[in-house]
Every structure is written in C-alpha cells, then in structure tokens.
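Structural overview for review
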Amino acid sequence: MISNDNARPGGGHAMDSAGLRDDMLRHLRYSFGKDPDHAHVYDWRMALSRALRDRIVDPWFDATRSTYAGQHKRVYYLSMEFLIGRLLQDAVTNMGLLDSARAAFEDIGVPFEEVLENEPDAALGNGGLGRLAACFLDSMSTLACPGYGYGIRYEHGLFKQSFVDGRQVEEPEDWLNQEHAWEFERPEVAFEIGFGGEVHEDGSRATWTSAERVLASAYDMPVIGWKGRWANTLRLWAAKPVTLFDLESFNRGDYVAAAEPEAFARTISRVLYPDDTTDQGKRLRLKQEFFFTAASLHDIMRRFRSEYDDLRLLPKKVAIQLNDTHPAIAGPELVRLLHDESGLEFEDAVEIARACLSYTNHTLMPEALERWPVEMMASLLPRHMQLIDRIDRMHARSYPSRAVGIVDHSAVNMGELSFIMAHKVNGVSALHTDLMKDTVFAELNNLHPERIVNETNGVTPRRWVFSANPGLSRLIDETIGNGWVGDLEKLEALVPLADDAGFRDAFASAKRQNKERLADYVSRSEGVDLDTAAMFDIQIKRIHEYKRQHLNILETIAHWHAIKADPDAGWTPRVKIFAGKAAPAYVFAKKIIHLINDVASTINADPVTSRFLKVVYLPNYNVSLAERLIPAADLSEQISTAGKEASGTGNMKFALNGALTIGTLDGANVEIRERVGAENFFLFGMTAAEVVARRTIPQHARKAIDECPELARALADVGDGVFSPDDPHRYADIVDNLRGPDYFLVCSDFADYYKTQRKVDAAFAERDDWMRMAILNTARCGWFSSDRTIRGYMRDVWDVQSVQHV
C-alpha cells in the first residue's frame, strides 16, 4: 500500500527548476521549432506540457509493468464523460513541480499564470457525471489502483455557450483545433465496430455480419496520481472510416459521396449528447454508446488474453464499472464475445459477464433512465437485441413472479438491463441509495437484496482545494502540515481553530483574495463591477427544472422588491452568480437562462437597489470557471427538489472551500449537514417523503402562491413582462407551469426558502460567527474525498487491492 507521509512530492526546487527549464527549451526548439525570442504563450505552454509529460511517462510505464508482473486485477471505468478540464496544473501539482515551474518561468521572464490560463478545457463532458469520473481517475492513480478510463474523444464536446440578448447560443467547442499536449495516438490499437446487418444462426450460437463499420482508434492520456508515484491511463476512442476515401466516386466527380465514409465515421465522435428529439439523433446516441463500449470491451479482452487462457478467470482479473446507463450495452456485448466468439455456453457467459460488471446509478427519475425502441435496437444491433431477449427470459425463468423486465412495451429498459447484468449496483449518496431501493429498482432490489450498495461520491482534494484555492491551502499547510492533500480527513484538526480569532482572520483573508480574483475576472469578461464585501451567493449547475434555478431567481425578484420598498433597512449586500448550460433541445431550461439574464439586466440597472443586490450569469460554464467560482463563494445554493438529486459533488467542493450551504435534504446534502452540524447549514424545504405527499394535494401550487404574497408578486412580474417589456409574454410557459402542475414544487418550497435566505442575511452580517461556521465546513468535510470513495469501490464492488510499487 502507498504510505501517506507529510512530504510534498518533488526534490530541491533549484535543481528541478533548472532541469525543467532546460527541458522546456529543448522542446521549444526541437518539438515546436521556436526559439525563446519568438515563442508565444502557446509555445511555452506546450513546451512545459511536453517536459512534464516526459517525467510522467516513467511512472506510467512502471505502473503498467508492475500490474503485468504481479498479474493484478484491473478496473475499467466506462463513462460517456470525463470532464478533466485543464491538465497542466494537475500534472505540475501531482508531480510536485509547481514551485519549480514557477521559478523556471520567472527566470525566462514569462508570467506562469498566463501559461496555465492558455490551456483550453478538454471538451469531454458536461456536468457532475463527467467531473466525478475525472476525480475518480485521479484517486485511482493516487491509490495505485490499476485501471483504465474508457470514453470518447469528442471533437466538439457538448457546445460552447454564449448569450445573445440573454438567450443561450450554442457553438461547437474547438479544443482540438490546437494540438492536445497530453495524448499519445495509438494507431496500432484499433477495432472495427459494426452496426446493422444480419444474424446467421448456427445451432445455439450465431454469427453477426454488420452492414456498416467504423474504426475505433485509441488515444491515450496518462493520469498521474499525487506525488507522481503511479499513473493510470485514460483511453479515448475516435471514430474513423474503415475506408478513408472513395477515390472512384471522387474521380467520377461525386465529391460528396467520396467523403461520405469519413463523414459518417466522424459523426459518431464529434459531439457529446447529440439532440435526441429526432429519430436520427436517437440512433446516433445509441451508436455512440455501442461504439465506445464495444471498443473498450474488445480492448479489455485483448489485454486479458495476452496474459491468460482460461476465460473463467475473467472476474478475478477484470472489474468493469458502468458509469450510468450509457455503457449498459456492455452486458450483451460481453456475453456475445464470450458466447458467440469464444464458445462458452450462454448461461456461463452471462454469469461470467455479470461477475465482471457493476453499475453506478445516477438518477431517481424514471424518465432519465434510458429506453431504446426495440425496433431501433434490432435495426442497429440485431444480435444484441436477440441476446437482450435471452438474458431477459433467463432472468424471468429464475424469478417467475417478477413484474418488471428488461423489455416491455416495445422498449429496452437500459436501467433494468444494467441492474440485471451487474453483480453490484451502487447509489452515490446514502439518501439516493435508500430511495433507489424503494423507487426505481424496488422490485429488483426485492429479488436481489444484496446487490445494491452505497458509495457516496467524493471529490479530489488535489484539484478542488490544493490547486483551486492556493491561499487556503497555504494557510492549512502552515497550520496543520501538508499531509491533508493525501488524507483529507486530517482537516478535522482545524476544528478547534474555528474559535481562534487569528485563524478566523487568516481564513477570511484567503476568502477575500479569492473574491477579489473573481471580481476582477467578472469585470474584465462581463463589464460588471462587484463589491467584494458583499455576500457571493453562487449556483452553478447544468440547467434543469429539478435543480430549480427558477426558484433562486424568483426569490431574487422578491428580495429586490423588498429592498426597493425600504432601501434604508440595513440590507446585507449580495451578489447572485449563476452559471450552467441547458441542453440545446431543453426549451424550458433555456427559458430559465433567458429569464435570469433579463432579471439581471433590470436589477443591475436599478439605481436604488444595485448597491445591495446584483445578478450575474457567467457564460460557458466549465471546470476552469468552476475553479474561479467555488473558492470565492460565501453561499452555496443546493436547492433541488428533495428526492431528485442523486448526490451532487459541487456541494462538497463548496463546503470544502469554506462556503456555507443553503439547501434541501437531497442527495449528499444530507450527509454534508450531518458532518458539518445542523447549526452550520441553512436547511429549508420539504423532505423527499413530504414532496411525494404534497403532489397529491389538488392545486398545491395555487395554494402556495395564495399564501405567499412575495411569490405572487414575483410571478406576476414575470408574467406581466416587467423583465421583458419588448415581449411581455416571453415567460408565459414558466408562469403557467408554476401556477399549474409545478411538478418540482418550486411554489410549495418558496416561502421557506425566502425565510431561510433572510436568516442567511442576518448570519452573514455577523462576520466572526460566519467565519467560524465556514471554517467548520472546511474542517468537517474531509470525508468527502474521492480517495475515500474509491477505497469503498475497491473494497465493496471491485475486490481490488492497491499495488505495492517502488
């Protein structure tokens, strides 16, 4: 096992700095053809990245050799998203070369921060699902858990978000317009992936002959762990044509047809989550999911066969984690490889596959669990549809009283497929896991009562405290030593210091510096000046009705009215900051964004209230923006409808960085509140059980509006066009929804939310008490490390040990 001592990685800074400088200059000249006098920031960034990558390769190779030499079990993490953000600071931090790199650039005369800022975010994810996967890769490497991440090398990611007159506008991400410094192309690792075609039966087995084929080509990124001791691999698949170019068509003058093979293939790995409101979009999504899952399984089996001959050893050497239902097709595909291609009996193939597979559920909303039309599945993946039917019938024979199955009402239920083909199914917070047992998988849990386990999410402290919040990190180092970066629960030693006035002042100073940096960024990028003495109240999430950004903005409107009515009442200044993207086809969510921007334009221009209240919506939310926002937050908005958020990880990041939470008893909020103390958490709203009961009350929204004049007036303003005078009915859909079905109970929770926000105002005015609560949030949230989460998976799900490695 890897020890956790207090030493930071790296040796003498002067020697490291000189060596790093020399390596950068070598790469600048020989890799990029530049000399120092003519190098741009991009060139220096690439030179540093290559110099660091050189240093990462040796521990990466050593880790691979150790895994092979010890015949250790590997973990394979399959995810549609890996929201890794910028990798340069991760690498320089985990290799212990941060001070050396800074010193090298001081010698050269180039601002180091500009070099870090030059790197684009890798457009490989959207939200919590992908960021969790990235944190897990960091922790697996830190803990020397042998493994691979598998995903898609998206050319254009989700989209680049901007606002035009307050509306969200989507443009393609362009991160691969520049060379990606961290990847190694592996042209020798490529697999043909088929779609459509015919199945030819031969006794109990079958041969699938596909009609369309693309090539899955591998690109590898080493993921280095803390102190540079171990590195795993993130392997991403790019879709390429089997036949690059149709020269015959080109010579006939049919230039479009000549390029069709490449266009068809590249479509698969161009965009994350293509719009699935059309049949073509649904087919593309299913193709994407099968493409990367099948390529990953082929690669896993190739690696296994290079070491072992007995397929029955597979569960002892291979653990495959499905991150949500996107890779659920792994079950039937692995059965196909074992049964059709390797000759195992069908029942044996199913049992071996199940013993390898485990599934993480991320949603309690049945509509969010993927369902594919049987006709589409049979058309695109005819053999897999047959195998899904056989798996379903096999399960039905074993449990004849069951009422749910994989296939029903002409649809394939990918949640049920994932559950039935996994030996373990995990939730991502204690509440989520309990609700999963009682709701979406209630019957399957009754049939398989030992299958569901809980593994509460966590975040990597390397990225989300040490790198993102250097001022706080230095303070913690000076106070309790630096062992906390590898053992985050050591933050508990800060608890007594919450009562130390000097430490509270130092903690407040670190927070103030973060707020000043954010205010400078907002001023430069948005032209809005922020008062850093004001409370920074931040909600950053993908936009969805259950996350209730519209509850937040309605409360903002109500608060604005209260300030206007009595501007001399001693208000606590507050800055409301939003960020997040709405899916391109999610019209309601895009309306919420537009509403927030319209409200911001009105409130920020109000000469009476603007000194007490401002609203900012920052465009194109990504990891790098989160790293600016989270350390600067005073208040963290975690206000989803109870029972809808599986866990959340933003809530953990905010609390670790000393923000207090206003939130419902939803997801990991429950565990955060238990750990920081109820007195250090601003709770409001109904419980999950109360939410279910409230929905049964006729006209529950209307009753809530009638009982709350602040809400009634805010809704009237929105409905009457106060914030959209050029189009008074712009937000009629939002108002009608809230006055009518209001499924996510915005209106029913509003009064308690509004009242609790006033408690927040009063608490923030008492700065010493606020800082005490903030320190306790940081000190008591060390449990929410992804290192702890990964240890849980290794013990409870994967049956994998850390590797002793020198």
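Cut-offs and rules
- Sequence order sets the numbering: in each chain, residues are counted from 1 along the sequence as written.
- Totals for whole chains, interfaces and linings use every residue, but because this is a predicted model, local features are given only for residues with pLDDT of at least 70 and side-chain atom pairs only at 80 or more, for both listing and counting.
- Hydrogen atoms and water are omitted, and side-chain values are computed over all heavy atoms in the structure.
- Each helix is a run of DSSP H or I of at least 4 residues and each strand a run of E of at least 2, with the numbering of both proceeding from the N terminus.
- Computation of the radius of gyration draws on C-alpha atoms alone. For the globule rule, the value is 2.2 Å times the number of residues to the power 0.38.
- Relative accessibility thresholds used throughout: buried, under 20% of the residue-type maximum; exposed, over 50%; partly exposed, between the two (1.4 Å probe, protein chains only).
- Whether two residues are in contact is decided by their heavy atoms, any of which lying within 4.5 Å being enough.
- Surface exposure here means Shrake-Rupley accessible area, sampled with a 1.4 Å probe, where a residue is shielded only by the protein chains that are shown.
- Note on charges: Lys and Arg go in the positive column, Asp and Glu in the negative column, and His and the chain ends are not counted at all.
- Working definition for charges: the position is that of NZ of Lys, CZ of Arg, CG of Asp or CD of Glu.
- By this definition, two strands are paired if DSSP reports at least two bridges between them.
- Axis lines are fitted to C-alpha atoms, over the contacting stretch for helices. Their N-to-C directions set the angle, which ranges from 0 to 180 degrees.
- Place the viewer so that the strands point away; then a crossover is right-handed whenever the path from the first strand over the helix to the second strand goes clockwise.
- Within this analysis, patches are made of residues with over 30% relative accessible area and no salt bridge. Like charges are joined at 9 Å or less; nonpolar side chains (Val, Leu, Ile, Met, Phe, Trp, Tyr) at 5 Å or less.
- Any carboxyl oxygen of Asp or Glu that lies within 4 Å of a side-chain nitrogen of Lys or Arg is treated as forming a salt bridge with it.
- In protein, a polar contact requires one atom able to donate a hydrogen and another able to accept it; more generally it is a pair of N or O atoms within 3.5 Å, and residues adjacent in sequence count only if both atoms are side-chain atoms.
- Here a helix's expected span is defined as the number of its residues, less one, multiplied by 1.5 Å.

1. A closer look at the overall build of the protein
Helix and strand counts for the protein come out as 32 helices and 22 strands. Relative to the 2.2 N^0.38 estimate, which gives 28 Å for 806 residues, the radius of gyration of the protein is 27 Å and therefore close to what a compact globule would have. Taken over 806 residues, the protein has a buried fraction of 61%. Sequence separation of 24 or more characterises 78% of the internal contacts of the protein that already satisfy a separation of 6 or more. With the model as given, the accessible surface of the protein reaches about 29,600 Å², and the carbon-plus-sulfur share is 49%. Looking at charge distribution, the protein has the averaged site of its 92 positive side-chain charges lying 2 Å from that of its 118 negative ones.

2. Re the sheet that holds strand β19 (residues 613–618)
The 6 strands are arranged β19-β18-β17-β20-β21-β22 in an open sheet whose pairing can be described as parallel. One side of each edge strand has no neighbouring strand; the edge strands of this open sheet are β19 and β22 (682–683). Pairing between strand β21 (residues 660–663) and β22: 2 bridges, direction parallel. Each bridged residue has a counterpart across the sheet, and for G663 the counterpart in β22 is L683. Along the sheet face, helix α23 (residues 623–632) touches β17 (535–540), β18 (574–579) and β19 and points at about 140 degrees away from the line of β17. Packed on one face of the sheet, helix α31 (residues 767–780) meets β20 (635–638), β21 and β22 and runs near 85 degrees to β21.

3. Some words on the pairing of β17
Both faces of the sheet carry side chains from a regular strand, because those side chains alternate between them. Within β17, 6 of the 6 residues are buried, which leaves it mostly tucked inside the rest of the structure. The two faces of β17 match: M535, D537 and Q539 on one face and F536, I538 and I540 on the other face are all buried. Strand direction decides the pairing type here: β17 and β18, joined by 6 bridges, are parallel. By the bridge assignment for β18, F536 is matched with V575. Considered for its hand, the β-α-β crossover made up of β17, helix α21 (residues 549–565) and β18 is right-handed.

4. Re the sheet that holds strand β10 (residues 318–323)
Spatially, the 9 strands line up as an open sheet ordered β5-β8-β9-β2-β1-β10-β11-β15-β16, and their pairing is mixed. The outermost strands of the open sheet, each flanked by one partner alone, are β5 (184–195) and β16 (452–454). Averaged over all pairs of adjacent strands, the angle between their axes in this sheet comes to 25 degrees, without regard to strand direction. Pairing of strand β15 (residues 424–427) with β16 involves 3 bridges; the strand directions are parallel. Bridge assignment links V425 to a residue of β16, and that residue is I452.

5. Some thoughts on a nonpolar patch on the surface
On the surface, L244, F245, L247, F250 and Y255 cluster together to form a nonpolar patch covering roughly 530 Å² of accessible area. In this structure, L244 sits in the loop between β9 (231–241) and α7 (247–251).

6. Notes on the environment of H326
For H326, the location among the structural elements is in the loop between β10 and α11 (330–339). Each C-alpha atom, one on H326 and one on L369, is 9.3 Å from the other, the two residues being 43 residues apart in sequence. For H326, the residues in contact, after removing those within four places along its chain, are M80, L129, Y273, E289, T293 and E370.

7. Observations regarding α23
With 9 of 10 residues buried, α23 is to be regarded as a mostly interior element. Listing the buried residues of α23 in full gives V623, S624, L625, A626, E627, L629, I630, P631 and A632. Taking the backbone nitrogen of S624 as reference, a side-chain oxygen 3.3 Å away marks N622 as the first, capping residue of α23.

8. Thoughts on the side chain of H561
With respect to the helices, strands and loops of the structure, H561 is situated in helix α21. Within the local environment of H561, its side chain forms a polar contact with the side chain of R713, the two groups lying 3.3 Å apart.

9. Description of helix α32 (residues 786–798)
If you check α32, its first and last C-alpha atoms are just 16 Å apart, much less than what 13 residues at 1.5 Å a residue would give, namely 18 Å. With 10 of 13 residues buried, α32 is to be regarded as a mostly interior element. Where α32 is concerned, the buried positions are S786, D787, R788, T789, I790, G792, Y793, M794, V797 and W798. You can read the cap of α32 off the contacts: a side-chain oxygen lies 3.0 Å from the backbone nitrogen of D787, and it is on S785. One or two residues past the end of α32 sits D799, with phi positive at roughly 55 degrees.

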